[in-house]
Amino acid sequence: MNALFAKTFAFLDTEPYRLVIWVVAIVSFVALNAAYLVWVERKGAARFQRRPGPTEVGPAGLLQPVADGLKLMSKQLIVPAGADSMLFRAAPLLVMAPVLMSLAVVPFGRGVTALDLNASLLIVFALGPINLMVVMVGGWASRNKYAVMSAARVVSQNVAYEIPMLLVVTTMAMVTGTLDLNQIVQQQSGGFWHWNLFRVWVNPLMPVTFLIFYICMLAETNRAPFDLAEAESELVAGAYTEYGEMGFGVFFMAEYANIVLGCSLATVLFLGGWQSPFGVMPGLVWFLVKLYFLIFSVVWIRWTFPRTQFYGLLNLSWKILIPLSLFTLILSAGMIKILRALS
Amino acid sequence: MNALQEIYGGFKSLLIGMRITLGQFFKRTVTVHYPHQSLKMPPRYRGHIELVGNPETGKPLCIVCKLCERACPSGCIGVEGTKYEGDRRKTVTSYELDFTKCSLCGACVEVCRDGAIRFSRDYNLAGLTKEEFLLDLVRRFHAQQEARGKPEIRNPKSEIRSPESGASAEPKAETATATLNLTP
């Protein structure tokens, strides 16, 4: 029976079918996550403020994302007069693409990777900044002063936070000696003391490195307390001010998709990916547990800290995160050299 | 060194903040789920006025002296009554309150010698038409009596229809007095 099953569906592992399955799987994973992270966010926010949150649509408000989606889809798409209509329409399309492409190389489990590249880490960071460029394009094309201000903020915020993020990633590439996310996960097998987060013999500041990565991830995904690009109290909705209906919905989904991607990377780079913390039963489940814990922390941070001011945001990056991450980079380079010389 | 200390102190304070919010996360909710639950109003809450009944007979205490009608600065009260045979006093048959004009000043309650009117604690008073605020307090009184299961004393002059047809029917009053039930 099993053999028959395997024989019948063997064609699924051949090229065109495999591709289709992965595209469908990743798109639905992203869409479901984006939709239900909105629910998680609202429920989480409510719980942190001791409210019940959405309760009316479906059991425990579980159908709320469906209702929101239907509402957004029933709205009219308006291109404001004087806006660059082509860029304005293209921005929501472009904002999702890099995230979906990046998720193709993320190892969700043993062998559960759409595209097994040996430079997957590089791919993710090559595609990552496109998302923010698109937010800038959308804001600029709206021809709205708030959107343009937001676009300017996005650029300076990104220039500031891309640097410590990449320095941290360089550190990780040096420590692991590879750019292949699959190999990085495999190196961390055995138990939680093998995770890169606790590799203190290579770099005693590894937990600090993780924190820098996490903070940069928050800033890159425009999440509170670094959500200056859509600071609703000063910039209406920032770059999304002029977007209505699903155009706005797609930006919103892309924000959550980016959180999923950022947290997946944090999981893979520092928390052992799909490796089990006790050395038993490694697999997809552990990856999802770690991923959703990190995502919960994102919500937790959002509803704990107020939004920073812009100079605070830039000061944090240029005065604290960049020196610290440079220091960890040099420190781990030195430590690796010493360890090599000893062995 | 000072800068490092500052970073460490700042980071520690962030963690303390996160611990506090996580503590709140697991506590029970403090909100009232409004259309499903509502708060019980405090005793001195001023809703629109309502008739007070005699606890023994179940009849309204009002003797139709019309002091309230005259005391009302907005002229929003209209009281009518009849004297039944054998009775020593008049019985109220219709007590019309135009709540669109009432300013809840309480002059009517103060002037009443028999304590026959008081403020209700009904605050669910939103309505779609002006007519919903022309309240017949006698009808409301009887609807309340019926809801409490007291012996029903029908007044021949004032018809009692189903509570829903009343301007301010009992179900509304009941939601106002429903106790706050907090779900953990």
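The rules behind these values
Residues numbered from 1 in each chain as written. Chains lettered and ligands numbered in written order. Predicted model: local features only at pLDDT ≥ 70, side-chain atom pairs only at ≥ 80, totals over all residues. Heavy atoms only, no water. Helix = DSSP H or I, 4+ residues; strand = E, 2+ residues; numbered from the N terminus. Buried < 20%, exposed > 50% of the residue type's maximum accessible area, 1.4 Å probe, protein only. Contact = heavy atoms within 4.5 Å. Areas by Shrake-Rupley, 256 points an atom, 1.4 Å probe, with all protein chains shown as cover. Rg over C-alpha atoms; globule rule 2.2 N^0.38 Å. Pairing = 2+ DSSP bridges. Axes fitted to C-alpha atoms, helices over the stretch in contact; angles between N-to-C directions. Buried area = accessible area lost by both parts, 1.4 Å probe. Polar contact = N/O pair within 3.5 Å; in protein donor to acceptor, adjacent residues only side chain to side chain. Patch = residues over 30% accessible without salt bridge, like charges linked within 9 Å, V, L, I, M, F, W, Y side chains within 5 Å. Salt bridge = Lys/Arg side-chain N within 4 Å of Asp/Glu carboxyl O. Phe/Tyr/Trp six-rings, centres within 6.5 Å; stacked < 30°, edge-to-face > 60°. pLDDT = per-residue confidence, 0-100. Core = buried A, V, L, I, M, F, W, Y, C linked by side-chain atoms within 4.5 Å. Disulfide = S-S within 2.5 Å.

**Brief notes about the overall build of chain B**
Then comes step 1: The helix and strand inventory of chain B stands at five helices and five strands.
Then comes step 2: Seen in sequence order, chain B has helices and strands lined up from the N terminus as α-β-α-β-β-α-β-β-α-α.
Then comes step 3: Burial statistics for chain B: of 184 residues in total, 33% are counted as buried.
Then comes step 4: The long-range fraction of contacts in chain B, counting pairs at least 24 apart against all pairs at least 6 apart in sequence, stands at 70%.
Then comes step 5: As displayed, chain B has an accessible area near 11,600 Å², and 56% of this comes from carbon and sulfur atoms.

**Examining the overall build of chain A**
Then comes step 1: Each helix and strand in chain A was counted, giving 12 helices and zero strands.
Then comes step 2: Ordering the α and β elements of chain A from the N terminus gives α-α-α-α-α-α-α-α-α-α-α-α.
Then comes step 3: Taken over C-alpha atoms, the radius of gyration comes to 21 Å for chain A, in line with the 20 Å a tight globule of 343 residues would show.
Then comes step 4: On the principal axes, the C-alpha backbone points of chain A span a range of 65 × 60 × 45 Å.
Then comes step 5: For chain A, with 343 residues in total, the buried portion stands at 49%.

**Observations concerning the sheet that holds strand 3 (residues 91–98) of chain B**
All names here are of chain B.
Then comes step 1: Here we have three strands laid out as an open sheet, ordered 2-3-5, and antiparallel in their pairing. Two strands lie at the open edges of the sheet, namely strand 2 (77–82) and strand 5 (134–136), each paired on one side alone. Pairs of neighbouring strands in the sheet enclose a mean axial angle of 15°, with direction left out of account.
Then comes step 2: Relative to strand 3, strand 2 is paired through six bridges, and the arrangement is antiparallel. Within strand 3, the position partnered with Gly78 by the bridge is Glu96.
Then comes step 3: Contacts between helix 4 (residues 137–148) and the sheet are confined to strand 3 and strand 5, with strand 3 contributing the most and set at about 110° to the helix.

**Brief notes about the interface of chain B and chain A**
Then comes step 1: In this complex, chain B contributes 17 residues to the contact, which on the side of chain A involves 16 residues.
Then comes step 2: When the two sides are added together, the surface that chain B and chain A hide from each other amounts to roughly 1,700 Å², 71% of it contributed by carbon and sulfur.
Then comes step 3: When the buried area of chain B at its contact with chain A is split by residue, Met18, Thr21 and Phe25 of chain B rank highest and sum to 34% of it.
Then comes step 4: The tally of links from chain B across to chain A stands at 11 residue pairs in polar contact (both at pLDDT 80 or more).

**What to know about a nonpolar patch on the surface**
Then comes step 1: Judged by side-chain polarity, Phe192, Trp193, Phe198, Phe278, Val280 and Met281 of chain A come together as a nonpolar surface patch covering roughly 680 Å² of accessible area.
Then comes step 2: Structurally, Phe192 of chain A is set in the loop between helix 7 (181–187) and helix 8 (206–220).

**A short note on the environment of Glu242 of chain A**
Residue and element names in this part refer to chain A.
Then comes step 1: As for its placement among the helices and strands, Glu242 is situated in the loop between helix 9 (232–235) and helix 10 (245–270).
Then comes step 2: Along the chain, Glu242 and Val79 lie 163 residues apart, while their C-alpha atoms are 7.9 Å from each other.
Then comes step 3: Residues within four places of Glu242 in sequence aside, it is in contact with Ile78, Pro80, Phe88, Ser142 and Asn144.

**A word on the packing of aromatic side chains**
Then comes step 1: Counted according to the given criterion, the structure contains 16 aromatic pairs over all chains.
Then comes step 2: Plain terms: the ring middles of Tyr161 of chain A and Phe226 of chain A are 5.7 Å apart, the flat faces sit at 40° to each other, and that makes the pair tilted. Of this pair, Tyr161 of chain A sits in helix 6 (residues 145–176) while Phe226 of chain A sits in the loop between helix 8 and helix 9, and the two are 65 residues apart along the sequence. The two residues Tyr161 of chain A and Phe226 of chain A agree in class, both being buried.
Then comes step 3: Between Phe210 of chain A and Tyr214 of chain A, the aromatic rings sit 6.1 Å apart at their centres with planes inclined by 35°, giving tilted as the arrangement. Residue Phe210 of chain A and its partner Tyr214 of chain A are located together in helix 8, separated by four residues, close to a single helical turn. Side by side, Phe210 of chain A and Tyr214 of chain A carry an identical accessibility label, which is buried.
Then comes step 4: These aromatic residues form a ring-pair network of at least three members: Phe48, Phe296 and Trp300 of chain A together with Phe25 and Phe26 of chain B.

**Considerations on the confidence of the model for chain B**
Interpretation of the predicted coordinates at a detailed level should be avoided for regions scoring low in pLDDT.
All names here are of chain B.
Then comes step 1: Per-residue confidence for chain B gives a mean pLDDT of 77; residues scoring 70 or more make up 81%.
Then comes step 2: Confidence drops under a pLDDT of 50 for residues 154–184, and excluding neighbours within four residues, the segment shows 67 contacts in the predicted structure.
Then comes step 3: The complex model carries a pTM of 0.76, and its ipTM stands at 0.72.

**With respect to the nonpolar core**
Then comes step 1: With 85 residues, the main nonpolar core has Leu181, Phe213, Leu269 and Phe270 of chain A as its most contacted residues.
Then comes step 2: Excluding residues within four positions of it along the chain, Phe270 of chain A makes contact with Val168, Met172, Gln188, Trp195, Asn196, Leu197, Met206, Thr209, Phe210 and Phe213 of chain A.

**Things to note about the pattern of salt bridges**
Residues and elements named next belong to chain A.
Then comes step 1: With the rule as written, the count across this model stands at 11 salt bridges over all chains.
Then comes step 2: For the salt bridge of Arg223 with Glu41, the shortest nitrogen-to-oxygen distance reads 2.8 Å. With Arg223 in the loop between helix 8 and helix 9 and Glu41 in helix 2 (residues 15–48), the pair connects residues that are 182 residues apart, well separated along the chain. Here Arg223 matches Glu41 in class, with each residue buried.

**Some thoughts on the state of the cysteines**
Then comes step 1: Counted by the stated rule, this structure contains zero disulfides over all chains.
Then comes step 2: You can see Cys263 of chain A has no disulfide; the closest cysteine sulfur is in Cys216 of chain A, sitting 13 Å from it.
Then comes step 3: For Cys65 of chain B, which is in no disulfide, the shortest distance to another cysteine sulfur is to Cys112 of chain B and amounts to 6.0 Å.

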